[in-house]
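The chain contents come next:
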Amino acid sequence: MPLKISRCLERFFIYFILLVGAWIMIFPFLWMVSTSFKNQYEAFSFPPSLIPQKPTLENYVQALTIVPFGRWFLNSFIVASVTTLLVVVISSLAGYIFARKDFRWKEPLFYMFLMTLMIPGMVTIIPNFILIRALGLMDTYLGLIFPYTSWNLAMSIYILRGFFSAIPRSIEDSARIDGCSELGIFLKIMLPLAKPGIATIAIFSFLYGWDEFTWALTATSSSHMRTLAVGLALFHGKYLTLWTLLSAGMVIATVPPIIVFILFQKYFIPNLMAGAVKG
Amino acid sequence: MARSVSPIILFLLPALIFYFVFELFPIFYSLYISFFEWHIIGDVRFVGLENYLKMFSDPVFIIALKNTFIYTIVTVPTQIFLGLAIALLLNQRIKGKVIFRALYYIPVITSWTVVSLIWKWIYDPVYGFLNYVLLSLGVIEEPIRWLQDPSVALYAVMLVTIWKGIGWNMVIFLAGLQTIPQSLYDAALIDGASRWRRFRYITLPLLRPVIATVTVLLTIGALNAFVQIYILTAGGPLHSTEVINTYLYKSAFSYLNFGYASSMAWFLLTITLTISIIQRGVLSKKIEY
Amino acid sequence: MVEIRLANLTKRFGNVVAVDHLNLTVKHGELLVLLGPSGCGKTTTLRLIAGLESPDEGEIYFDNTLVNDMSPKDRNVAMVFQDYALYPHMTAYDNIAFPLRNRGYPESDIRRKVLEVAEMLDIKELLNRKPRQLSGGQKQRVALARAIVREPNVFLLDEPLSNLDAKLKTQMRAELRKLQKRLGVTTVYVTHDQAEAMSIGDRIAVMKNGVLQQVGTPEEVYEKPKNTFVAGFIGSPSMNFIKCIVKLKNGVYTLDCGDFAINLPPERGKEIDVPEGEEVVLGIRPEDIAIMPEGSSNVIPAFIELIEPLRPDMLIHLRIGNIKIIARSLSKPLWKPNDHVGISFNLRKLHIFRKNGEKIM
């Protein structure tokens, strides 16, 4: 077979597989969006169609008014945002120290942080439950925020330490010579130069707080304190067939992460070794 | 020097406090609990290793253990294989690489909750899209009860995991592939290496470190799977999708047996750590180039 | 041993024409150098010959066989890349054996051939090492061994010496030349270094912007450059170019260069076919300028701005009015900067080019 034709066929084959695969990847989402615009009859009719025949917004209206999706959205937003803020502040301070200062316990402490990256979350759920209950933080925002913050520290410190280390010491020295205080150096030089790193951990922390399920399930009991992740699942558990309404809720729940992803795509792909996005 | 110590401690203090209280302390507290018969309401009684021994005569636990391993052994290599395959295809001079990458990555960035719920609807035996397609194409004659049939449920759950993970693998492998200089492939082409030989003798060996790391991370993730299984099947039907984590969670918060649950958690922790240490060792041989 | 013939070879990348209707023949067993600045199309031409790129127009023949549609494997060419492209995870032995293994030779044959080639290139002790354990020169020899072991029709070398330090470069140049002569394989050698080209090539093909400027033996391109580009590219320091106007008085041609003028002897004057008043470019190589004391007869007054004492040569930067030229002198330093001297040109080695660069004489 002449070189040109076999190459053509080959490229066709490649695009075909890639397109089929891409379709398999996004179809379930399209299906979700489609369902969210269907009324109950249509969702359960045969044959099912991807494009709703009689699209309706009633699911969205109900989601935001009758069912507490709106409240759940707010909860998720508050929890995720505050967690992100705390993580950024705390891990910047710590990451800076690990990158630039030397002290006796530095190595062991850092390895301790790293080791816990290998420890799966379920181990700490039960003790944290006892702890949070004892602190009277059950069913509160802080009951979610504090553990979330803590669990994201190891990864964030690790990442930020990397970014801080990459800043040439000569810049710092030059600032010192120019009379800048230590705190000033941290705020005016180190932080701005580590912005990509801070953006990365901010994104991961936000998504973590937004998506986390297991702890939110355990630490909240009343409907109005649930986050979106738990709220959606429990809603489904209660109303097994209200797929239309649930789909609308899921679409609403997915919009912020998608926005974050689109805006900050360049920060996702490089930080691959962070298992944070996985499971 | 006294003056340079205090800013250090000051800067580290918040991190250390949060970390110790909510991460480090709980890890060891969990171990402590596992040696007790500890019900959330009621007595707390020291029982030593009894919880651990109980696990192995608990038929449900044994099933969970088996399922956990099956789950890991099936999903990890499959994700790697498919992710690598797509990455290889995408690495050819393809137009729209960025778009493809984004599309494949969308399942990855979506939460497990949403993904599980979407698939639960797709898996619906009567109204779900999957059965509809398979029936129309004549692939099956009767609807399959994906999440309700014990012989199928675990596979249905594994499929969701694999589907969600392919994009993550693909992105990592793509980055790895791009570090291989094109001149090596040119040289191999001139040296008469067929496509398969180029893959086997250049691509694969040079990707080995990446594959090793990915395998370790995926294995840890698979052993500790929880959310998708909890939402899709809650471990049922008839424990056919029960994994260690789901049984653990139920023991703690449904049967209220903290001691037993903690022992399972530590057991899983031990296995996870052991496997990841072994894997790092085995797959790290000769990684330096 | 094949003869390579490129007919009207053209390759485009987007809007850029990398190789522009190239017509070139590489003779049996010769070492042809493709010489030119970055981006002139020499590497692209090499890759087209190898089969790593396909031409948009034109044909490539190996001994009258059209190879346009043949894969690199079938063309039986061997290539040494600029970065050597050694497989980093394989030992030197395995690197060299790789092409033979791909063709399914039995291991015993492979062993014999690899050792033979290793012996030839003096790398036998290095065979068990991995590329990262080898120095630049050693890596290069392994890359060469890999190319030679297959007994290919054609060698293609892409700036093989550019990553080596100066001393090693000179040494390897000679070795490569000897090796090629010994093996007698048709070779195409790409470089941007004109000294390398001059020392190693049987013939040199000078390229610019994808277009072949001139092809010829080193003497030919040095002594008889066809245009200012070739004239200026070959030779270091490069030829001096001075703008002049042609004047004719009483049958005697004069080149009026502003700050000085040169009368052309009658026999050279006959070669010029240019109307009076035309602007031309005068070219003279540094070694064809003689420097004499100020008052000597028939000299042009000049002023020494700077002397570069390279040893054994000296490069003398001169100024005549507003014109700056460089002369090369072997003699002991009779001159100092700021001296006023007299210079004269070797009229037999004078080149005259049209304004557009083409040669007149």
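What counts, and at which threshold
Residue numbering note: each chain is counted from 1, following its sequence as written. All chains are assigned letters beginning at A, and all ligands numbers beginning at 1, according to the order in which they are written. Given that the model is predicted, a residue must reach a pLDDT of at least 70 before its local features are reported, and side-chain atom pairs must reach 80 or more before they are shown or counted; all residues, however, enter totals for whole chains, interfaces and linings. Runs of H or I in DSSP of at least four residues are treated as helices and runs of E of at least two as strands, each being numbered from the N terminus. Computation of the radius of gyration draws on C-alpha atoms alone. For the globule rule, the value is 2.2 Å times the number of residues to the power 0.38. Three exposure classes are used. Buried residues have 20 or more other C-beta atoms within 10 Å of their own C-beta, exposed residues have 12 or fewer, and partly exposed residues fall in between, all C-beta atoms being placed from the backbone. Two residues qualify as a contact pair if the distance between their C-beta atoms, derived from the backbone, is within 7 Å. Residues are grouped as follows: Ala, Val, Leu, Ile, Met, Phe, Trp, Tyr, Cys and Pro are nonpolar; Asp, Glu, Lys and Arg are charged; all remaining types, including Gly, are polar. The score called pLDDT rates the predictor's confidence residue by residue, from a low of 0 to a high of 100. In plain words, the nonpolar core is the set of buried Ala, Val, Leu, Ile, Met, Phe, Trp, Tyr and Cys residues that C-beta atoms within 7 Å link up.

## Thoughts on the overall build of chain A
Per the secondary structure count, chain A includes 14 helices and 0 strands. When the helices and strands of chain A are read in sequence order from the N terminus, they spell out α-α-α-α-α-α-α-α-α-α-α-α-α-α. Taken against the 2.2 N^0.38 rule, which gives 19 Å for 279 residues, the C-alpha radius of gyration of chain A at 24 Å runs more than 25% over that of a compact globule. Here the C-alpha coordinates of chain A stretch approximately 75 × 70 × 35 Å along the principal axes. Taking all 279 residues of chain A together, the buried fraction comes to 43%. Within chain A, counting contacts between residues at least 6 apart in sequence, those at least 24 apart form 77% of the total.

## Regarding the interface of chain B and chain A
For interface size, the figure often reported is the accessible area lost on association. The interface is formed by 68 residues belonging to chain B together with 64 residues belonging to chain A. By residue number, the principal contributor to the side of chain B that touches chain A is helix α1 (residues 2-34) of chain B, which donates 16 residues.

## Here's the deal with the interface of chain B and chain C
Counting from both sides, the interface comprises 15 residues of chain B and, opposite them, 18 residues of chain C. For the side of chain B that touches chain C, the elements supplying multiple residues, two or more each, are α8 (182-190) and α9 (195-223) of chain B. Among the elements that line the side of chain B that touches chain C, the one with the most residues is α8 of chain B, at 6 residues. Its residues placed into classes, the side of chain B that touches chain C shows 10 nonpolar, 2 polar and 3 charged.

## Things to note about the confidence of the model for chain B
All names here are of chain B. Looking at chain B, pLDDT values average 89 and 95% of them are 70 or higher. When mean pLDDT is compared element by element in chain B, helix α3 (residues 59-91) scores highest at 95, while strand β2 (residues 44-46) scores lowest at 82. Two summary scores accompany this predicted model of the complex, namely pTM at 0.82 and ipTM at 0.87.

## Things to note about the nonpolar core
Note on soluble globular proteins: their nonpolar side chains tend to be buried together. Ranked by internal contacts, the top residues of the largest apolar core, which has 150 residues, are A94 and L232 of chain A together with A15, Y104, L117 and L248 of chain B. In terms of residue count, the dominant contributor to this core is helix α4 (residues 69-100) of chain A (14 residues). In this view, A15 of chain B contacts I90, S91, L93, A94, L153 and I157 of chain A; residues no more than four positions away in its chain are not counted. If you look at the next biggest cluster of nonpolar residues, it comprises 92 residues, including V80, V206, I289 and I316 of chain C.

## As for the environment of F233 of chain C
Residues and elements named next belong to chain C. Positionally, F233 belongs in helix α9 (residues 228-233). Separated by 29 residues in the primary sequence, F233 and I204 have C-alpha atoms spaced 12 Å apart. Dropping the residues within four chain positions of it, F233 is found in contact with Q194 and V206.

## Comments concerning unusual backbone geometry
Peptide bonds are mostly trans, and most non-glycine residues show a negative phi. Here the residue pair G236 of chain B and P237 of chain B is connected by a cis peptide bond, since its omega of -15 degrees sits within 30 degrees of zero. Relative to the assigned elements, P237 of chain B resides in the loop between α10 (227-232) and α11 (244-253). A cis geometry characterises the amide bond from S236 of chain C onward to P237 of chain C, with omega recorded as -5 degrees. Mapped onto the secondary structure, P237 of chain C falls in the loop between α9 and β11 (240-249). The phi dihedral of D139 of chain A is positive, around 60 degrees, even though this residue is not glycine. Structurally, D139 of chain A is set in the loop between α6 (122-134) and α7 (141-165). In this structure, H239 of chain B is a non-glycine residue whose phi angle is positive, near 60 degrees. Structurally, H239 of chain B is set in the loop between α10 and α11. Judged by the 21 C-beta atoms lying within 10 Å of it, H239 of chain B falls in the buried class.

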